Amino acid sequence: MQNNRFKAFITAVFLTVFTFGFAASDKEASSEDKPFDTKELIFHHIKDSHGFHVAGDVSVPLPVILWTDNGLVTFMSSAFHHDIEGEVIVERKGLKFVNVHEKIYQLDSGASTVSFDAESHPTNASRPLDLSITKNVFSMLLSMVVIFLIFLTAARSYRKSTDNVPTGIGKFLEPIIVFIRDEVAIPNIGEHKYHKYMPFLLTLFFFIWINNIFGLIPFFPFSSNLSGNIAFTATLAVFTFIITLFSSKKYYWKHMLWMPGLPIPMKLFLAPIEIIGMFVKPIALLIRLFANITAGHVIVLSLISLIFILNTEWAALVSVPFTVFISVIEVLVVAIQAYIFTMLSALYFGQALEAEHDH
Amino acid sequence: MSLALVQAAAEAVDYGAFAAIGAGLAAIGGGIGVGKIGGAAMEAMARQPEMQGKLQGSAIVLIAFIEAVALFGVVVSFLAT
Amino acid sequence: MDLVTPEWGLIIWTSLAFLILLFVLGKFAWKPILKAVNDREDSIKNALSEAENARKEMQDLQADNERILKEARAERESMLKEARELKDKIVSDAKEQAGLEADKMIKQAQATIESEKKAAVADIKSQVADLSVDIAEKVIKEQLANKDKQLKLVKDMLGDIKLN
């Protein structure tokens, strides 16, 4: 069992290296004359996109869902024919849409082509509410399916067993669940109140972790940079923030706004700092996850790009082992980041729940 | 005339390079912080091997805090580009 | 800048996905799993405490056994001692009794012997007396068969008396 998992892991690492190299080599082939643009390659990867690039010229179109003044507009992203410069105009329900760097713009009425300002922002187009199934959303839905499969199977294995001993995947997951309970929830939130927060913490941990792992797997249905997207991390941090506020007790606010045991000028000085701190905590939370995962993707891609920057295959001798090394570290980092996010969420809940008698 | 020079210089400046320097400086700070935590944690573990689990856990959490500072630098450099 | 601007679309999708996950997993995964884990831990705890109790009981039992054994041993010891004492007493009593009886028997025997002896002696005496009388009679008869002899005897006797 252990050995198989290890083998699978090693295979995943090698596939990482192999497919990144593959994707990058495609890039070079398609832009023979232009100098290799690392930044463009990397940013193309770590940003969201309509349509999922598989390999070479193969890419999976994804549905574009827009909420416009004329109601819901849906079409497949293949309608843009891979154009991201805003040249292909798609007309639906009397509205014209263009794709400018993976952002859908709706042309103002009367305009027939997009015009750009100096910073290449469209001047005669606006963005409708974009609810498209983008690469990241697709990846998230996939992760949801996988999470449901894993955990409902695990729960069923518990229900089936007569003596509450799980089989299969449940056996693998139980130590992690117990770890979250014993090392994250109980020490931070407290013996008596942790029950209420367990579903949130567990869902948070596994949602982040599995999406992080999906980001590490470098081929088609995975490989999107979802947990390295600030919208994703911000949403989760906002959930943590809202729950913190809802579970906060009088003691928490008293200590924040009017710290007892200090002279009045000090209290006046501390209150704004504490209020800023209250908002900084979730912001730090979201930036930590976002930057860590994005940085991981950037490093791996940069190392692979080294081969094309130096324009010699000998660079692979250096960059491939380094990529393997970083990928192995990333496997650790994604788990730690999921743990940290969960841990700090639990810590904030614990702080909010603190009551007078705890001191 | 000097004003014109400054303006010209400002136009010629590549903010990306400055952002990279900023991110690098933030990384130095984070590196020092993480190094100190790591060193102290190792020392503590060597002194009290039976506390290893607890020390490792808190060291990881502290490193995450420090790392966040360096990552703020990275994010600011993203903002600048 | 693009990179750090969250997109509304993804925010909405993430919220939706997370809430669905939270709800469904909370209801169908976390609740049964955590319950099962807790139940198992409780049962393990119970089993452990039960084992501890059993161990204690066992220890008590063992102590009891030891005590009973000790008591039994002491009892046996005391019984043996008693028996020995009894035996000694019986033996000594018997000895004493036997001595007394023997003495009594000896005395009786002695008394019997004495009386027998006395009787015998008396018998002998009477027999001797009879015999002597018989003899004397016979002798006297013989001696006094003729006149001469009777006279001689009287003379002798008178002579004896004279001597006295």
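Residues numbered from 1 in each chain as written. Chains lettered and ligands numbered in written order. Predicted model: local features only at pLDDT ≥ 70, side-chain atom pairs only at ≥ 80, totals over all residues. Heavy atoms only, no water.

A. Layout of the overall build of chain B. Scanning chain B from terminus to terminus reveals 3 helices and 0 strands. Along chain B, from the amino end to the carboxyl end, the secondary structure elements read α-α-α. Within chain B, buried positions represent 23% of all 81 residues. (Helix = DSSP H or I, 4+ residues; strand = E, 2+ residues; numbered from the N terminus. Buried < 20%, exposed > 50% of the residue type's maximum accessible area, 1.4 Å probe, protein only.)

B. Seen up close, a negative patch on the surface. A cluster of acidic side chains, namely A:D37, A:E40, A:E85 and A:E87, defines a negative patch on the protein surface. Within the secondary structure, A:E87 sits in the loop between β4 (71–76) and β5 (90–92). (Patch = residues over 30% accessible without salt bridge, like charges linked within 9 Å, V, L, I, M, F, W, Y side chains within 5 Å. Areas by Shrake-Rupley, 256 points an atom, 1.4 Å probe, with all protein chains shown as cover. Salt bridge = Lys/Arg side-chain N within 4 Å of Asp/Glu carboxyl O. Lys, Arg positive; Asp, Glu negative; His and termini not counted. Charge placed at Lys NZ, Arg CZ, Asp CG, Glu CD.)

C. Local environment of the interface of chain C and chain A. The partner chain A presents 49 residues to the 35 residues of chain C that form the contact. When chain C packs against chain A, close to 3700 Å² is buried across both sides, 78% of that on carbon and sulfur atoms. Contact with chain A buries surface across chain C, with C:L3, C:F18 and C:W30 losing the most and accounting together for 19% of the total. The tally of links between chain C and chain A comes to 3 salt bridges. Ionic pairing is found between C:E7 and A:R127, a salt bridge with its closest N-O pair at 3.0 Å. Summed over the shared surface of chain C and chain A, the number is 7 residue pairs in polar contact (both at pLDDT 80 or more). Here the side of chain C that touches chain A is composed, by residue class, of 24 nonpolar, 6 polar and 5 charged. (Contact = heavy atoms within 4.5 Å. Buried area = accessible area lost by both parts, 1.4 Å probe. Polar contact = N/O pair within 3.5 Å; in protein donor to acceptor, adjacent residues only side chain to side chain. Nonpolar A, V, L, I, M, F, W, Y, C, P; charged D, E, K, R; others polar.)

D. How the structure looks around the sheet that holds strand β9 (residues 129–130) of chain A. Residue and element names in this part refer to chain A. Reading across the sheet, the 3 strands line up as β4-β3-β9 and stay open at both edges, with antiparallel pairing between neighbours. A single partner strand is all that each edge strand has here, and the edge strands are β4 and β9. Note: strand β3 (residues 63–68) against β4, 6 bridges, orientation antiparallel. Residue pairing across strands places V64 opposite F75, the latter belonging to β4. (Pairing = 2+ DSSP bridges.)

E. View of the nonpolar core. Core analysis: the largest hydrophobic core is formed by 88 residues, its most contacted members being A:F151, A:L201, A:F206, A:F207 and A:L236. Each residue touching A:L236, except ones within four places of it in the same chain, is listed here: A:L204, A:F207, A:I208, A:F341 and C:F18. In this structure, A:L66, A:V73, A:V90 and A:I104 belong to the second largest nonpolar core, which totals 9 residues. (Core = buried A, V, L, I, M, F, W, Y, C linked by side-chain atoms within 4.5 Å.)

F. View of the domain arrangement of chain A. For chain A, the assigned domains are domain 1 (63–132) and domain 2 (137–353). For domain 1 of chain A and domain 2 of chain A, the distance between their C-alpha centres works out to 34 Å. (Domains from an automatic or database assignment.)

G. Broad picture of the pairing of β3(A). All names here are of chain A. Between the antiparallel neighbours β3 and β4 lie 2 residues. Across 2 bridges, β3 lies against β9 in antiparallel orientation. Of the residues in β9, the one forming a bridge with L66 is D130.

H. Representation of the confidence of the model for chain A. Taken over all residues, the pLDDT of chain A has a mean of 82, while the share at 70 or more is 89%. Note on residues 20–32 of chain A: pLDDT under 50 across the span, and 18 contacts to partners over four residues away in sequence or across chains. (pLDDT = per-residue confidence, 0-100.)

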